[in-house]
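Coordinate inspection notes
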Number of protein chains: 2
Amino acid sequence: MRDELAPLLGPDGVLEHPAQRRTYAADGLAALREVPPLVLLPSSTEEAAACVRACRRHGVPFVPRGAGSGLSGGAMPHPDGVLIGVARLRRILDVDLANGRMTVEPGVTNREISAAVEGHDRYYAPDPSSQIVCTIGGNVAENSGGVHCLKYGFTTNHVLALELITAEGEVEWLGAPTADSVGYDLRGLIVGSEGTLGLVTKVVVRLLRTPESVRTLVADFTTPRDAGDAVTAITASGIVPAGLEMLDHLAIQACEEDTGVGLNRDAGAVLLVELDGPEAEVDREFEAVQACCREAGATAITIARDAADRARIWKGRKAAFAAMGRLAPDYFVQDGVIPRTALGDVLERIADLSSEAGYRVANVFHAGDGNLHPLVLYDGTRPGEAEEAEKVAARIVELCVDAGGSITGEHGVGADKACSMPAMFGEEDLAVFERVRRALDPDGLANPDKVLPTPRLCGESPGPYRPHPLEEAGLAERL
Amino acid sequence: MRDELAPLLGPDGVLEHPAQRRTYAADGLAALREVPPLVLLPSSTEEAAACVRACRRHGVPFVPRGAGSGLSGGAMPHPDGVLIGVARLRRILDVDLANGRMTVEPGVTNREISAAVEGHDRYYAPDPSSQIVCTIGGNVAENSGGVHCLKYGFTTNHVLALELITAEGEVEWLGAPTADSVGYDLRGLIVGSEGTLGLVTKVVVRLLRTPESVRTLVADFTTPRDAGDAVTAITASGIVPAGLEMLDHLAIQACEEDTGVGLNRDAGAVLLVELDGPEAEVDREFEAVQACCREAGATAITIARDAADRARIWKGRKAAFAAMGRLAPDYFVQDGVIPRTALGDVLERIADLSSEAGYRVANVFHAGDGNLHPLVLYDGTRPGEAEEAEKVAARIVELCVDAGGSITGEHGVGADKACSMPAMFGEEDLAVFERVRRALDPDGLANPDKVLPTPRLCGESPGPYRPHPLEEAGLAERL
């Protein structure tokens, strides 16, 4: 397989040296590691299709990978498969300002899309915290959100069409750049499918008008419950903030230690609220938001004076995960979703769980969506701590499901949560997922062992997904 | 099958008499007729599941039907199958104002959803013209839009979750009432699948806040091209109207004849523009919209003074199809989509086509979406006219595809356009659709011969969809 593809992809397109391959051993979920036997970096749809066809001919699994910033192990390599990276598929192919859309290759970063139309009064709305590095291909795979998805929705609401190489190596265009799609919405099926239904090679995104006015504030509260009350009041008043984020006391300490952006270290929780839209509307709603915060018991409200102030506030928020290194050597980040109305209760139960188990839990989350990111802190060098912390994290997710929520908001299922899927879905549901997967990937070669539970990954009880057919056969001759 | 189900469904749930069955022979596309051998009207999920399971056991196809107001023959009965109507599944099961959602059975009409929360400052956004009669089940099947989908999106953007009876008779919940869905977005796959992937028995819809302010105007123009220029100017200015509709000269005559709402019969085209949102924003943008219309050559602008005025204007627009009876005994309505920027050109080519063929074509459409509804007028009592008019309609759709658009905006593929699918999709694409269909309906019993081309429907060239296995076997013993 290597010998077939090397002449086509060239020396930059086939990475074989162990040091090169080790770079790709894990994504943002560093705990799950596997050095890929071979890394392919196609630089065109044709090359990518050739890679996928070669995989099919040889019965070799393939794992698509964007920037590798995902947090659920979705891009963890397969021990007997190839990794197909999109690092050389980075071109912006078309910018259509009149119709408000752009066509890009999957390796273009999230931030580069908006940067390409800067000065033209347009931008791309979804903005995951990792937007400087993460790729649109990865965003499509994970249906990424971001701090502004409360108002503007997830990636699926902003991807009009995409070019997919099916697991059988066929090149298909799905979706349409016009209103409603014809036939089944396969575009929507691919978005969020975490690379298990094929490899995306082109993406048509929707561009929005830059809002006329943006206003941002930080409100300090004594307790997360007070901050939660403010969230309830704001949403109940009919205001849909562009961003509505909460950090608890521990998260504030980490962010301040790391970025020094000026959050109040004494606060029990802070709320970051951003409004955008026409100036008159924003001004009026901004007053209403402040009133909601004060009534819920805000001890202080700091208003961003300008774009630089605003950028500093978001820098603090977006650095939250990285900043946890200041508090503990390691952490597990969770990604549960709860009904917004259950916010206060769930936070208190997480606090109880944390003190019972003796592990600190910092909470950073998209409050408006009810999308929690609790970070369980631990020290991996102390025996048993990683296992214990992981159990605390798993119990937090169970808590979310019990409260009527779900096991993942925006980080995806990947390898991390595939074994938890039976907690949310019955056997029949999983069988339907499995059959849909087989419809697009009959041989089970596209990112196997991800999203759906498999015996290889989850041990006991044979899951509905069978391992790829040649798992037992000799690897060397196939790669 | 009848004998099995009669005790469970009761006398109101099984319709056998020819006069009763004839009522269900066609949907809104009256040209396609087939009297169903048996009509089933289950009144609960359990009864509906029993119907589908009986179909499966006996190898009998089933066709789901809402109000039958669809325009693409999606609910046309199968000659050897049963029709499953949702007329007795009409309960509102849960209203959750705090989280902005409602759970309803599929027979609840679109209008009843908003009516149920009237006075609570909430409403359901998608509003097809048929909203007084059409059901949410039908809306889900067709991914219906409406005059306000330009700003608020289609049904798929407002359905959070749904209960589906798979073609194998299993009851599944798809989607989640929280942020992002976990696993594949099968909810999104079902929305718009036109009853070919199972029978929907419960729908969780999203409720929006009633906008603070609504303003509506009618602008008269000399030509459709001028009106098209106004549409381009409005959207280019960054304004997203809640509704942006165009009627051409012939459509104006029909609407006025029928409703007398006060449209200018001398105008070459009128534009209906509605803005909604916060009062300050709406006021400012309303000024800008008027300026765009004047610059594009509007000869008059009439502003709705109050809710009654507004209701009258929309009544005129929504009556457009029915009003065509004033101009001609029969019409074919088309449902093409074009890039918004191609609007002026496509309208001129339709006019050329109309005069060449000698058939009048009235145009009513969602201008902001580029979703055209040309109505080809004819007299079915004159030999050959229906066939000729249908050809003109088909050529209009080809025109849309040539202009970079698609064969259906919001009316669906149904039986009407299944044979036109190869005009938009290659064999490989259709094969993927087909495999996805088989994943959810292995026996091919859910609304066969719809959406994808089949030999039975399309004649020559064997389509990828095989007829249901027992098509040849004796009907009587199965029903």
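Residues numbered from 1 in each chain as written. Chains lettered and ligands numbered in written order. Predicted model: local features only at pLDDT ≥ 70, side-chain atom pairs only at ≥ 80, totals over all residues. Heavy atoms only, no water.

If you check an unreviewed UniProt entry, chain A appears there as FAD-binding protein from Egibacter rhizosphaerae. According to the UniProt record, the Cofactor (unreviewed entry) comment for chain A reads "FAD". (UniProt positions renumbered as here; feature names shortened; annotations may be inferred.)

Considering helix H1 (residues 2–9) of chain B
All names here are of chain B. Considered for burial, the residues of H1 that qualify are Leu5, Ala6 and Leu9. The buried side chains of H1 occupy one side of the element, clustering within an arc of 115° when seen end-on. Among the exposed residues of H1, those pointing more than 90 degrees away from its buried face are Asp3 and Pro7. Following H1 by one or two positions, Gly10 adopts a phi angle in the positive range, close to 75°. (Buried < 20%, exposed > 50% of the residue type's maximum accessible area, 1.4 Å probe, protein only. Helix = DSSP H or I, 4+ residues; strand = E, 2+ residues; numbered from the N terminus. Arc of directions from axis to C-beta.)

Some points on unusual backbone geometry
At A:Asn143, a residue that is not glycine, the phi angle is positive and equals roughly 50°. Examined against the element boundaries, A:Asn143 turns out to sit in the loop between helix H5 (136–142) and helix H6 (149–152).

What to know about the domain arrangement of chain A
Residue and element names in this part refer to chain A. Segmenting chain A into domains produces domain 1 (1–210 + 427–455), domain 2 (213–322) and domain 3 (328–402). Distance from the C-alpha centre of domain 2 to the C-alpha centre of domain 3: 22 Å. On the domain 3 side, the residues contacting the 15 residues of domain 2 number 20 residues. With both chains or domains summed, domain 2 and domain 3 bury close to 1500 Å², and 63% of this area falls on carbon and sulfur atoms. Its largest share of buried area at the contact with domain 3, domain 2 owes to Arg225, Leu250 and Phe321, together 41% of the area lost on that side. At the boundary of domain 2 with domain 3, the tally comes to two salt bridges. (Domains from an automatic or database assignment. Contact = heavy atoms within 4.5 Å. Buried area = accessible area lost by both parts, 1.4 Å probe. Salt bridge = Lys/Arg side-chain N within 4 Å of Asp/Glu carboxyl O.)

As for the sheet that holds strand S3 (residues 62–65) of chain B
Residue and element names in this part refer to chain B. Strand order in the open sheet formed by four strands is S1-S2-S4-S3, with mixed pairing between adjacent strands. Two strands lie at the open edges of the sheet, namely strand S1 (14–15) and S3, each paired on one side alone. Relative to strand S4 (residues 82–85), S3 runs parallel, the two being bridged by four bridges. Within S4, the position partnered with Val63 by the bridge is Leu83. With respect to the sheet, helix H3 (residues 45–58) is in contact with strand S2 (38–40), S3 and S4, its orientation differing from that of S4 by roughly 165°. (Pairing = 2+ DSSP bridges. Axes fitted to C-alpha atoms, helices over the stretch in contact; angles between N-to-C directions.)

Let's talk about the state of the cysteines
Residues and elements named next belong to chain A. Under the defined criterion, the tally for this structure stands at two disulfides over all chains. The disulfide partner of Cys419 is Cys458, and the S-S distance across this bridge is 2.1 Å. Where Cys419 bonds to Cys458 through sulfur, the torsion about that S-S bond is close to -90°, and the disulfide is left-handed. Here the residue Cys419 occupies a position in the loop between helix H14 (385–402) and helix H15 (421–424), and Cys458 occupies one in helix H17 (residues 455–458), the gap between them amounting to 39 residues. Under the relative-accessibility criterion, Cys419 is labelled partly exposed at 37%. Unpaired in terms of disulfides, Cys292 finds its nearest cysteine sulfur in Cys293, a separation of 6.8 Å. (Disulfide = S-S within 2.5 Å.)

Some remarks on the interface of chain A and chain B
Between chain A and chain B, the contact holds 61 residues from the first and 61 residues from the second. Of the roughly 4900 Å² buried between chain A and chain B, counting both surfaces, carbon and sulfur atoms make up 57%. There are four salt bridges connecting chain A and chain B. As a salt-bridge pair, B:Glu212 and A:Arg284 come within 2.9 Å of each other at their nearest N and O atoms. Our count for the chain A to chain B interface comes out at eleven residue pairs in polar contact (both at pLDDT 80 or more). Broken down by secondary-structure element, the contributors of at least two residues to the side of chain A that touches chain B are strand S9 (171–175), helix H7 (186–190), helix H8 (224–236), helix H10 (279–295), H15 and helix H16 (427–440) of chain A. In terms of residue count, the dominant contributor to the side of chain A that touches chain B is H16(A) (nine residues). Classifying every residue of the side of chain A that touches chain B gives 27 nonpolar, 17 polar and 17 charged. (Polar contact = N/O pair within 3.5 Å; in protein donor to acceptor, adjacent residues only side chain to side chain. Nonpolar A, V, L, I, M, F, W, Y, C, P; charged D, E, K, R; others polar.)

Digging into the packing of H1(B) against H3(B)
All names here are of chain B. Between H1 and H3, the least distance of the axes is 10 Å, while the angle of their chain directions is 175°. Here H3 runs roughly antiparallel to H1, going by the angle between their axes. Judged by residue contacts, Glu4, Leu5, Leu8 and Leu9 of H1 engage Glu47, Ala50, Cys51, Ala54, Arg57 and His58 from H3. For the contact of H1 with H3, the residue count by class is six nonpolar, one polar and three charged. (Parallel < 35°, antiparallel > 145°, perpendicular 65-115°, else oblique.)

As for the side chain of A:Asp185
In this fold, A:Asp185 is placed in the loop between S9 and H7. Looking at A:Asp185, its side chain comes within polar contact range of the side chain of A:Arg187, at 3.2 Å. Once residues lying within four places of it in the same chain are set aside, the contact partners of A:Asp185 are B:Gly188 and B:Leu189.

Topic: helix H16 (residues 427–440) of chain B
The terminal C-alpha atoms of H16(B), which comprises 14 residues, lie 20 Å apart, in line with the 20 Å expected from a rise of 1.5 Å per residue. Counting buried positions along H16(B) yields ten of 14 residues, so the element is predominantly enclosed. For H16(B), every residue scored as buried is listed here: B:Asp429, B:Leu430, B:Val432, B:Phe433, B:Glu434, B:Val436, B:Arg437, B:Arg438, B:Ala439 and B:Leu440. Looking at the buried side of H16(B), the elements it contacts are S9, H7 and H16 of chain A together with strand S8 (159–165), helix H7 (186–190) and helix H15 (421–424) of chain B. (Expected span 1.5 Å × (residues − 1).)

Quick notes on the packing of aromatic side chains
Taken as a whole, this structure holds eight aromatic pairs over all chains when the rule is applied. The interplanar angle of 80° and the centroid separation of 5.0 Å between the aromatic rings of A:Phe425 and A:Phe433 together place this pair among those described as edge-to-face. On the basis of relative accessibility, which here comes to 3%, the residue A:Phe433 falls in the buried class. Aromatic side chains B:Tyr123 and B:Tyr152 sit 6.5 Å apart centroid to centroid with 90° between the ring planes, which places their arrangement in the edge-to-face category. Taken as a pair, B:Tyr123 in strand S7 (residues 122–123) and B:Tyr152 in helix H6 (residues 149–152) lie far apart in primary sequence, 29 residues in all. Following the ring pairs from residue to residue traces out a cluster consisting of A:Tyr184, B:Phe425 and B:Phe433. (Phe/Tyr/Trp six-rings, centres within 6.5 Å; stacked < 30°, edge-to-face > 60°.)

Points about the confidence of the model for chain A
Parts of the prediction with low pLDDT should not have their coordinates interpreted in detail. Put simply, chain A has an average pLDDT of 88, and 94% of its residues get 70 or more. Note that pLDDT drops below 50 for residues 461–476 of chain A; the model gives that stretch 37 contacts with residues more than four away or on any other chain. (pLDDT = per-residue confidence, 0-100.)

So, the pattern of salt bridges
Residue and element names in this part refer to chain A. Under the definition given, this model contains 58 salt bridges over all chains. Ionic pairing is found between Glu105 and Arg91, a salt bridge with its closest N-O pair at 2.6 Å. Residue Glu105 is found in the loop between strand S6 (101–104) and helix H4 (110–116), and its partner Arg91 is found in the loop between strand S4 (82–85) and strand S5 (92–96); the two are separated by 14 residues along the sequence. Here Arg91 falls in the partly exposed class, since its relative accessible area comes to 45%.

Some points on the pairing of strand S12 (residues 213–221) of chain A
Residue and element names in this part refer to chain A. Across the nine residues that make up S12, a large majority, seven, are buried. Alignment of S12 against strand S14 (residues 269–277), held across nine bridges, turns out to be antiparallel. Among the inter-strand pairings, Asp220 is bridged to a residue of S14, identified as Val270. Bridging between S12 and strand S15 (residues 300–303) involves four bridges; their strand directions are antiparallel. Its bridge partner being in S15, Asp220 is matched across the sheet by Ala300.

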